[in-house]
Amino acid sequence: MPEKIRRVRRRRRGRSLSGIEALPSFRLHLPPVRVVLYAATAAAIVLLIILFGTYGSKLYLGWHESRLLKRAGAMLEKNDFVTANRLARQVLARHGDSLPAFYILAEATEKQNSEETVSWRAQIARLQPDNIDSQLNLASAALRFGQIDLARKTLERIAPRAQDEAAFHIVAGWLARAEGNLAEQEQQFDIAVNKDPKNDLYKFNLAALQIRSQDPEKSAQARANLERLTQVTQFRTGALRALLSDAVDRNDLQNADRFAQQLQMSPQVSFGDYLLCLNFYRKLDAKKFDALLEKVKPVAARSADDLGLLMDWMNENGLASDVVKWMDKLPAAATAKSPAAIAIAAAFAEQKNWSRLRRWTRSESWGKDDYLRLAYQGFAARQSRQSSAEAEFDTLWRAALHAAADQPEKEINLARLATKWNLPIESEALWSRLSHIPACRREALDALYKLYRANNDLKKLYDVLQRLHDASPNEIGITANLARLGLNIDQNTKQSQELARQAYERAPDDVSCAVTYAFSLYAQGRTTEGLEILQKLPPEALHESHAAVYAAVLLLDVNQTDSAKEYIQVAKRGPIYAEEKRVLEDELAKIAGVSPSPTPLPSPSPTPTPSATSTSASTTPIPEVSASATP
């Protein structure tokens, strides 16, 4: 082999044995199309990784939320409110503005009759500000739980857009009812029926209201509508209740008997309906009443709630002694717990059997109602008149307050008992606190009004009336009372005059509004105009003692003394309020030529004892009009 060839071969073998360093650089040469495909695939994989990392968790959370909502809805349909509530709250923990979750929570709490419904309806209304149904649901829930301010503001907000909705007028009607304005309630219900004449629910609402109308034509039409609705399954029981109550009120015993029998045979009859029938049969026939009561007793004994209801009814209808006799025939397990235990305690209190009431309330705990056991025990101790009675009462009452603290539904029960038992200090403290809780405010302010009126505490009375007016500005009775008291005690005179005018313009045929406006005109030196207002009233309207005061004052102011004498005599027979007595005495002194001295506002009695028979009316004789005072 030639030497040259051998050298070339040796060089090549040397390169292969010298290692990787001796190899030429490695490059992969691919066609251009395949390069693009590989690059695109790699980019897609990277993009998918990014997308999954960014949105994958959101997709999973959305799926999980949907699953939770579906389960919550299923539980709601099964009336498993606890589970539905828990699942919906889990959704809100992840998605704070989940509208479906709010709907589930609103429905669940509403079916449980929980005030929390209002807050969930408010959340729905917030998320759907232009949805009229959501706003009406909020207003309805607010009314249901006594939050009148919220209901009014909600309706005022949507009124321009909702006037053509029949449902709007139904809710507005219930708001008027809550404010005590029955005339406006009827008007709103009537509008709803006219806007949706085929809606039997709206017809039922209107008929149940108008059946009590003083207008014979309206009440007759309402009875006819309710009789028709007794043939509609949905409204049969409610219509029979309304017809039975109306027949009893009118002493139409034959029809009342017919309605009572139909009501008892209705598939939807409730235990409360049996109590309604008891009211009727007690009036109709003692034998039938006794027979029905004995028939109802074993039915009531099957349910703790019904047992308590029947015993409460018996207490309220003068049958407390029968409650005590009946309890001895019932198992101890049925009577030892509330609500029966509470009703039995009330029966002992009605009978003034303080020793037995003390023994009864020293028994075992009444569970969640133990605060009432403490209250009854304290009241029994106080009524025992023993040397340590007051101290024992104070201790037990404080214990009851502590057990009910921050629980308005319990505090309101204690406040009602304090009012019933004529405990003014205790009732004022409770009602004052409850008056700041929207759901309790109206009842609390009404109770304070009665307390301060009975105590003749005019400053506090005016403040309460002002708060009532602020809460219910369209209620003409409150408006007139606030205006008249303000004029009598020179409080916010300009406002009082304006309120008197507004009340009269809204209800010129209402005696209270007319008298108040006439008195306002008198205070402005326009007595003649005031008398023209009074002359439009039926003559018998001014023979009510309070109205007679103002008729006498205006007549005396224009020197019609002889005409005034008639009303002075009516006022003397009373009752009239202290501020009315003062304004009449001042007018009498004026025409007698005596300058009346300013009279300070009466101070509250140091030991007020408001009761059903006590009033704030004056019993001090009003001076006669002297002959020398006659022009």
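Thresholds, definitions, all that
Residues numbered from 1 in each chain as written. Predicted model: local features only at pLDDT ≥ 70, side-chain atom pairs only at ≥ 80, totals over all residues. Heavy atoms only, no water. Helix = DSSP H or I, 4+ residues; strand = E, 2+ residues; numbered from the N terminus. Buried < 20%, exposed > 50% of the residue type's maximum accessible area, 1.4 Å probe, protein only. Contact = heavy atoms within 4.5 Å. Areas by Shrake-Rupley, 256 points an atom, 1.4 Å probe, with all protein chains shown as cover. Phe/Tyr/Trp six-rings, centres within 6.5 Å; stacked < 30°, edge-to-face > 60°. Lys NZ or Arg CZ within 6 Å of the ring centre and 35° of its normal. Salt bridge = Lys/Arg side-chain N within 4 Å of Asp/Glu carboxyl O. Axes fitted to C-alpha atoms, helices over the stretch in contact; angles between N-to-C directions. Parallel < 35°, antiparallel > 145°, perpendicular 65-115°, else oblique. Nonpolar A, V, L, I, M, F, W, Y, C, P; charged D, E, K, R; others polar. pLDDT = per-residue confidence, 0-100. Left-handed = near helix turned anticlockwise from the far one by under 90°. Core = buried A, V, L, I, M, F, W, Y, C linked by side-chain atoms within 4.5 Å.

**Q** Go over the overall build of the protein with me, naming the residues and quoting the values.
**A** Across its full length, the protein holds 33 helices and 0 strands. For the protein, the proportion of its 631 residues judged to be buried stands at 45%. The long-range share in the protein, meaning contacts at least 24 apart out of those at least 6 apart in sequence, stands at 54%. Surface accessibility of the protein: about 33600 Å² in total, with carbon and sulfur atoms responsible for 54%.

**Q** Go over the packing of aromatic side chains, please, and point to the residues and values.
**A** Ring pairs (aromatic) are described by centroid distance and by the angle formed between their planes. Overall, the coordinates contain 14 aromatic pairs when judged by the stated rule. Pairing Y376 with W421 gives two aromatic rings, centres 5.2 Å apart and planes at 75 degrees, and the pair type is edge-to-face. Placement of Y376 in helix α21 (residues 370-383) and of W421 in the loop between α23 (408-420) and α24 (424-434) is noted, with a sequence separation of 45 residues between them. The exposure class assigned to Y376 is buried, which follows from its relative accessible area of 5%. Summarising the aromatic geometry, the rings of F393 and W397 are spaced 5.8 Å apart at their centres and angled 25 degrees between planes, so their arrangement reads as stacked. On the criterion of helical spacing, the pair formed by F393 and W397 is a turn pair, its members being 4 residues apart in helix α22 (residues 389-404). With respect to burial, F393 and W397 carry one shared label: buried. Ring pairing ties together the aromatic residues W354, Y376, F379 and W421, which thus form one cluster. The ring of W326 has K297 sitting right over it, with the charged end atom 5.3 Å from the ring centre.

**Q** Lay out the pattern of salt bridges in plain terms, naming residues and giving numbers.
**A** Counted under the stated rule, the structure contains 37 salt bridges. The salt bridge involving R228 is made with D200; its shortest N-O contact spans 3.1 Å. One end of the pair, R228, is in helix α11 (residues 216-229); the other, D200, is in helix α10 (residues 200-210), and 28 residues separate them in sequence. For R228, a relative accessible area of 36% gives the class partly exposed.

**Q** Summarise the side chain of E587; cite the residues concerned and give the values.
**A** Secondary-structure assignment places E587 in helix α33 (residues 578-591). Classification of E587 as buried rests on a relative accessible area of 2%. When residues no more than four places from it in sequence are discounted, the contact partners of E587 are Y522, V553, L556 and D557.

**Q** I'd like a description of the environment of D322, backed by residues and values.
**A** Inspection of the secondary structure puts D322 in helix α17 (residues 320-327). In this structure, the C-alpha to C-alpha distance between D322 and A347, residues 25 residues apart in sequence, is 8.9 Å.

**Q** Lay out the packing of α10 against helix α12 (residues 233-249) with the relevant residues and their values.
**A** Orientation of α10 relative to α12, taken along the N-to-C sense of each, is 0 degrees, at an axis distance of 11 Å. The pairing of α10 with α12 is recorded here as roughly parallel in orientation. Of the residues in α12, those in contact with D200, L201 and F204 of α10 are F235, G238 and A239. Looking at the contact of α10 with α12, its residues break down into 4 nonpolar, 1 polar and 1 charged.

**Q** Would you mind going over the confidence of the model for the protein in detail, with residue names and values included?
**A** Averaged over every residue, the pLDDT of the protein is 83; residues scoring 70 or more account for 83%. Within the protein, helix α1 (residues 3-17) has the poorest average pLDDT of any element, 52, and α24 the best, 96. Here residues 14-30 is a poorly scored stretch, pLDDT under 50, and it has 2 contacts once near neighbours within four places are set aside; other chains count. Counting interchain partners and residues more than four positions distant, the pLDDT-below-50 stretch residues 595-631 has 63 contacts.

**Q** I'd like a description of the packing of helix α20 (residues 354-361) against α21, backed by residues and values.
**A** With their axes 9 Å apart at the nearest point, α20 and α21 run at an angle of 150 degrees to one another. Taken together, α20 and α21 sit at an angle that is classed as roughly antiparallel. As α20 runs across α21, the sense of the crossing is left-handed. Taking contact as the criterion, the partners of W354, L357, R358 and T361 in α20 are, on α21, R373, Y376, Q377, F379, A380, A381 and Q383. When its residues are assigned to classes, the contact of α20 with α21 shows 6 nonpolar, 3 polar and 2 charged.

**Q** Please provide a residue-by-residue account of the environment of I478, values included.
**A** Locating I478 in the fold gives a position in helix α27 (residues 476-488). Judged by relative accessible area, I478 falls into the buried class, the value being 6%. A C-alpha to C-alpha distance of 9.9 Å links I478 and C513, two positions 35 residues apart in sequence. Not counting residues within four places of it along the chain, the set of residues in contact with I478 comprises R442, L465, L468 and H469.

**Q** Give a description of the nonpolar core that names residues and reports values.
**A** Counting residues in hydrophobic clusters, the biggest one holds 134 residues, and the most contacted among them are L226, L244, L310, M311, Y376, L414 and L534. With sequence-adjacent residues up to four places away left out, L244 is seen in contact with A256, F259, A260, L263, L276, C277 and F280. Counting 19 residues, the second-largest nonpolar core is a separate cluster that includes A84, V91, A101 and W120.

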